[in-house]
Amino acid sequence: MRTFPLRLLDGYRGFRGRAAQKGSYQHARLADEGQKPDTLVVACCDSRVTPELIFSADPGSLFVQRNVANLVPPYTTDGRNLSIAAALEFAVNGLQVRHIVVLGHARCGGIRAFVEGAGEAGPLSPDDFIGTWMSWLDRDPIDHVCADPDDHDSYRAVEEEGIRQSIANLKSFSCVRDRLDRGELTVHGAWFDIARGELWVMDGPTGEFHWTDGVEFR
């Protein structure tokens, strides 16, 4: 208890205080009724990108799977990528979600690592887990956008291409493909600009991203 981060304990007390002010504890109902989210969000581990905050989502309304660079690798039978596969299986077959959103974002460290490689310092560990994970991306389409280390817009093109590839890989899973064919599931892509608070949504037929509204925060 003494070593538990005090900032987290203070945050928890604030959480309990807000519940007391409302006169009810929402999670008690969720505990009894179970979760019934209608959307699976595949998001990045980046601490600056919180799907529940971005979408003003109440507890129980989003099923979120987070990983480095919000990747969905293609379906395999060799036992790799069990975390994303298990989350996808449960969301689609168990929870019967109606939507899957692959949510990418600006300034993604995983994308930068993929583009630049390990650099002079080398990988973060001898195992190079990040490099191995990011190798699921197909480099050929990404080489065409030619990311410039000093150009955020160039990196954005790679981030958007990663979203497109993840959406294509989603369709390699039979549980997703079957429900798509029956019109019971829709797959979406979105990109979040951390600095401006802008959400850009992908147009399915063209793969282009469009800003959702004209509200600027700065």
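To keep things clear, this report deals only with the structure shown in the data block. (Residues numbered from 1 in each chain as written. Predicted model: local features only at pLDDT ≥ 70, side-chain atom pairs only at ≥ 80, totals over all residues. Heavy atoms only, no water.)

1. Brief notes about the pattern of salt bridges
Counted only if it meets this: Salt bridges, as used here, are contacts in which a Lys or Arg side-chain nitrogen is within 4 Å of a carboxyl oxygen on Asp or Glu. Each helix is a run of DSSP H or I of at least 4 residues and each strand a run of E of at least 2, with the numbering of both proceeding from the N terminus. Think of it in three bands: with a 1.4 Å probe and only protein chains considered, a residue is buried below 20% of the maximum accessible area for its type, exposed above 50%, and partly exposed in between.
In this structure the tally under the stated criterion is 11 salt bridges. With a shortest N-O distance of 2.8 Å, Glu 160 and Arg 156 are connected by a salt bridge. In this pair, Glu 160 and Arg 156 are both assigned in helix α8 (residues 152–170), four residues apart and thus about one turn of the helix distant. As far as the burial class goes, Glu 160 and Arg 156 line up, both buried. Residue Glu 161 is joined to Arg 164 by a salt bridge in which the shortest nitrogen-to-oxygen separation is 3.3 Å. With Glu 161 and Arg 164 both in helix α8, this residue pair falls three residues apart, about one helical turn. Arg 164 gets classed as partly exposed once you look at its relative accessible area, which sits at 25%. Salt bridges sharing common partners tie together Arg 156, Glu 160, Glu 161 and Arg 164.

2. As for helix α5 (residues 109–116)
Put simply, the rule is: Within this analysis, the arc is defined by the directions that extend from the helix axis to the C-beta atoms.
Among the residues making up α5, those that are buried are Gly 110, Ile 111 and Phe 114. Along the long axis of α5, the arc covered by the buried residues comes to 100°, so they all point the same way. Immediately downstream of α5, the backbone of Gly 117 shows phi near 80°, a positive value.

3. Quick notes on helix α9 (residues 174–181)
Within the sequence span of α9, burial applies to Cys 175, Val 176 and Arg 179. Projection of α9 onto a plane perpendicular to its axis shows the buried side chains occupying an angular sector of 100°, all on one side. A positive phi of about 75° marks Gly 183, the residue just after α9.

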